Amino acid sequence: MNSTAQDPWLLTPGPLTTSMATKEAMLHDWGSRDATFIETNQRVRDNLLKIAEAEGCHVCVPVQGSGTFAVEATIGTLLPRGGKALVLINGAYGKRMVKIIEYLGRTCTTLETPEDTPPSLEDLEETLSNDPHITHVLVVHCETTSGILNPIKAVADIVERHGRHLIIDAMSAFGAIALSAKDIRFDAVMASSNKCLEGVPGMGFSIIRQSVLEKCKGNAHSLSLDLHDQWVTMEETKQWRFTPPIHVIVAFDKAMEQFFEAGGVEGRFARYSNNRRVLVDGLREMGFETLLPDQLQAPIIVTIKMPADPAFDFQVFYDRLKDQGYIIYPGKLTVAPSFRIGCIGALDESHMNGALDVIRQTVADMGIKTGSPIAA
Ligand SMILES: Cc1ncc(COP(=O)(O)O)c(C=O)c1O
């Protein structure tokens, strides 16, 4: 059990296990128009820009809600009514962006690959060459559906060469997998407080090229999701337009302080990569198979193919792990039955080994001979 609060460890894609210091940061009240909170809010925005190495060219616009709110707000603000989006899909979050664009009544086309396959760069090149109406390309950095790492730099280079705008959903990767504005040309990157930066849920944000955002007045379909208005107001008054998720922001500030102390993106990448290595090695020893080959697997969440052994029942397995202090995650794949185990959050190798011990015992108790997805 999570000794700080007797909570189970969350081996999920978020919300995640947070540190005690992050939780404790919320044990106060603040005035939303008061200088103390305004300072914290500004520091959070500045630090998010710093993580993306985007100071000077981009601005950070936060928005209340979960990550999807930030995605919807960004698309609604940046994609003009006469624009046309190309969405690269290899999982549920690419599909969600299409759904958002359809809700907005804007034009959209897609390039889809299976959930275990990165987008085809050749197809992207060809589609952009053949369709001059496409104004924006949208891509997911780590597709959390499978845990696949998409080739964001190669995609960005093609989009830049064709003179189109790039919007990246980096929800589950931001802070753990390097994404620098110095290296990758993007108009917007969206993420949220409760993923790899290990804050609590309640705030999304978008890092947007300032020269682009300046031209977006009047694009948005929704007042509360208008990031141009949110940005202009926040710059002018230093305040949120509507009630800010204050406790979330203060906890996020504390979480980022710990993030920088632990080595920033590099430190987080190293810890999560080690978590993934320990987890995957241990699972493979028990016969479990990962969906993805190691070179496509991001150190975020691992998809495991459902074992073929008739003694394996996912719900029973899940419940037994939960009773012993570990929460795993159901699968979201359409291609194959699966479940997922996350390696992010305030967790290290000891937690991965703890989870493996519990999995080993549970497999034995359930009479499962092997975790292999291939029937004996
Ligand atoms: C890549 C990606 N995009 C978008 C989302 C949506 O975020 P939320 O569930 O916070 O709305 C998630 C959530 O896990 C995600 O992983």
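What counts and how
- Residues numbered from 1 in each chain as written.
- Predicted model: local features only at pLDDT ≥ 70, side-chain atom pairs only at ≥ 80, totals over all residues.
- Heavy atoms only, no water.
- Helix = DSSP H or I, 4+ residues; strand = E, 2+ residues; numbered from the N terminus.
- Buried < 20%, exposed > 50% of the residue type's maximum accessible area, 1.4 Å probe, protein only.
- Contact = heavy atoms within 4.5 Å.
- Areas by Shrake-Rupley, 256 points an atom, 1.4 Å probe, with all protein chains shown as cover.
- Lys, Arg positive; Asp, Glu negative; His and termini not counted.
- Charge placed at Lys NZ, Arg CZ, Asp CG, Glu CD.
- Domains from an automatic or database assignment.
- Buried area = accessible area lost by both parts, 1.4 Å probe.
- Salt bridge = Lys/Arg side-chain N within 4 Å of Asp/Glu carboxyl O.
- Polar contact = N/O pair within 3.5 Å; in protein donor to acceptor, adjacent residues only side chain to side chain.
- Expected span 1.5 Å × (residues − 1).
- 1 Å grid on protein atoms, 1.4 Å probe; cavity = no way out; pocket = protein on both sides within 12 Å on 5 of 7 lines; lining within 4 Å.
- Points joined across faces, edges and corners; volume = space filled by probe spheres on them.
- Nonpolar A, V, L, I, M, F, W, Y, C, P; charged D, E, K, R; others polar.
- Core = buried A, V, L, I, M, F, W, Y, C linked by side-chain atoms within 4.5 Å.

S.K.: Please clarify how the overall build of the protein chain should be interpreted in this entry.
M.R.: Scanning the protein chain from N- to C-terminus turns up 12 helices and 14 strands. Each principal axis of the C-alpha atoms in the protein chain carries an extent, and together these give about 60 × 55 × 35 Å. When the 376 residues of the protein chain are sorted by exposure, 56% land in the buried category. Within the protein chain, counting contacts between residues at least 6 apart in sequence, those at least 24 apart form 73% of the total. Of the accessible surface of the protein chain, which amounts to about 15100 Å², a share of 51% is contributed by carbon and sulfur atoms. For the protein chain, the distance from the average position of its 35 positive side-chain charges to the average position of its 46 negative side-chain charges is 3 Å.

S.K.: I tried to follow the domain arrangement of the protein chain on my own but got confused; where do I start?
M.R.: Note on interface size: it is often stated as the accessible area lost on association of the parts. Looking at the protein chain, the domain boundaries give domain 1 (9-14 + 263-365) and domain 2 (20-261). Using C-alpha coordinates to define each centre, domain 1 is positioned 27 Å away from domain 2. The partner domain 2 presents 29 residues to the 26 residues of domain 1 that form the contact. Overall, the association of domain 1 and domain 2 removes approximately 2200 Å² of surface from exposure, summing both partners, and the carbon and sulfur fraction of that is 58%. Broken down residue by residue, the surface that domain 1 buries against domain 2 is led by Val265, Arg268 and Lys332, which jointly contribute 27%. Counting across the domain 1 and domain 2 interface gives two salt bridges. For Glu198, the salt bridge identified is with Arg271, shortest N-O distance 3.0 Å. At the surface where domain 1 touches domain 2, the tally comes to 15 residue pairs in polar contact (both at pLDDT 80 or more). Counting residues per element, the ones that place at least two in the side of domain 1 that touches domain 2 are α10 (264-285) and β11 (301-305). Broken down by element, the side of domain 1 that touches domain 2 gets its largest block of residues, six residues, from α10.

S.K.: Would you explain α10 in this entry?
M.R.: In an α-helix there are 3.6 residues to a turn, and that puts residues three or four apart on one side. Compared with the 32 Å implied by 1.5 Å per residue over 22 residues, the 32 Å span of α10 between its first and last C-alpha is a close match. Within α10 the residues assigned to the buried category are Gly264, Val265, Arg268, Tyr272, Ser273, Asn275, Arg276, Val278, Leu279, Val280, Gly282 and Leu283. Here the buried face of α10 lies against α2 (35-51), α9 (246-261), β11, β14 (338-342) and α12 (349-365). Of the residues one or two after α10, Gly287 is the one with positive phi, at around 95°.

S.K.: Hey, could you run me through the layout of surface pockets in this one?
M.R.: The gaps left among the atoms become clear once a water-sized probe is rolled over them. Estimated volume of the largest pocket: approximately 380 Å³. Residue lining of the largest pocket: 24 residues in total, with Thr68, Tyr93, Arg96, Met171 and Lys195 positioned closest to the centre. Among the elements of the structure, α3 (67-78) and α4 (92-104) are those that each provide at least two residues to the lining of the largest pocket. The greatest single-element share of the lining of the largest pocket, amounting to four residues, is contributed by α4. Residue composition of the lining of the largest pocket, by class: 11 nonpolar, eight polar and five charged. Viewed by domain, the lining of the largest pocket spans two of them, domain 1 (9-14 + 263-365) and domain 2 (20-261), each represented by three or more residues.

S.K.: Hey, could you run me through unusual backbone geometry in this one?
M.R.: For residues besides glycine, phi is generally negative; the peptide bonds are generally trans as well. Of note, the bond from Gly14 into Pro15 is cis; its omega dihedral lies within 30 degrees of zero at 0°. Locating Pro15 in the fold gives a position in the loop between β1 (9-10) and α1 (20-24). Phi is positive for Glu53, close to 45°, though the residue is something other than glycine. Locating Glu53 in the fold gives a position in the loop between α2 and β2 (58-64).

S.K.: Just to check I follow, could you spell out the nonpolar core for this structure?
M.R.: What tends to happen in soluble globular proteins is that the nonpolar side chains get buried as a cluster. Ranked by internal contacts, the top residues of the largest apolar core, which has 47 residues, are Leu48, Ile168, Phe174 and Ile207. Top element by residues in this core is α9. It accounts for eight residues. Look past the residues within four positions of Leu48 in its chain and what remains in contact with it is Cys60, Phe174, Leu197, Met203, Phe205, Ile207, Phe252 and Met256.

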